Amino acid sequence: MTILLVLVPISLLLLGAAVWAFVWAVRRGQFDDLETPGLDILAEERDEGRQTGKRK
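Residues numbered from 1 in each chain as written. Predicted model: local features only at pLDDT ≥ 70, side-chain atom pairs only at ≥ 80, totals over all residues. Heavy atoms only, no water.

*Asks:* I'd love a proper account of the packing of aromatic side chains, names of residues and values included.
*Replies:* In this structure the tally under the stated criterion is two aromatic pairs. With centroids separated by 6.5 Å and ring planes inclined at 20°, the aromatic side chains of W20 and W24 adopt a geometry described as stacked. With W20 and W24 both in helix 1 (residues 4–27) and four residues apart, this pair spans about one turn of that helix. According to the relative accessible area criterion, W24 is partly exposed, its value standing at 43%. Centre to centre, the rings of F22 and F31 are 5.8 Å apart; their planes meet at 40°, and the pair counts as tilted. (Phe/Tyr/Trp six-rings, centres within 6.5 Å; stacked < 30°, edge-to-face > 60°. Helix = DSSP H or I, 4+ residues; strand = E, 2+ residues; numbered from the N terminus. Buried < 20%, exposed > 50% of the residue type's maximum accessible area, 1.4 Å probe, protein only.)

*Asks:* Now, about helix 1: what can you tell me, with residues and values included?
*Replies:* In a regular helix each residue adds 1.5 Å, so 24 residues correspond to 34 Å; helix 1 covers 34 Å between its end C-alpha atoms and thus fits that length. Phi for G29, located one or two positions after helix 1, is positive at around 85°. (Expected span 1.5 Å × (residues − 1).)

*Asks:* Give a description of a negative patch on the surface that names residues and reports values.
*Replies:* On the surface, a cluster of negative charge is made up of D32, D33, E35 and D40. Inspection of the secondary structure assignment puts D33 in the loop between helix 1 and helix 2 (36–40). (Patch = residues over 30% accessible without salt bridge, like charges linked within 9 Å, V, L, I, M, F, W, Y side chains within 5 Å. Areas by Shrake-Rupley, 256 points an atom, 1.4 Å probe, with all protein chains shown as cover. Salt bridge = Lys/Arg side-chain N within 4 Å of Asp/Glu carboxyl O. Lys, Arg positive; Asp, Glu negative; His and termini not counted. Charge placed at Lys NZ, Arg CZ, Asp CG, Glu CD.)

*Asks:* Give me the lowdown on the environment of A25, citing residues and values where you can.
*Replies:* Along the polypeptide, A25 turns up in helix 1. Apart from the residues within four sequence positions on either side, A25 is in contact with Q30 and F31. (Contact = heavy atoms within 4.5 Å.)

Here it is, written out as structure tokens:
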């Protein structure tokens, strides 16, 4: 039962760290545009010279 005196404060500290990390990410704009980065990988390269591994 005394282990709860240790686990409850540790869990509250972890919860506080998670909330702080989420707020920090929102303020830095991490969740502003969730669709474009996933679609960028599907877009074709327009400049063939920029593609790695291809030589003219």
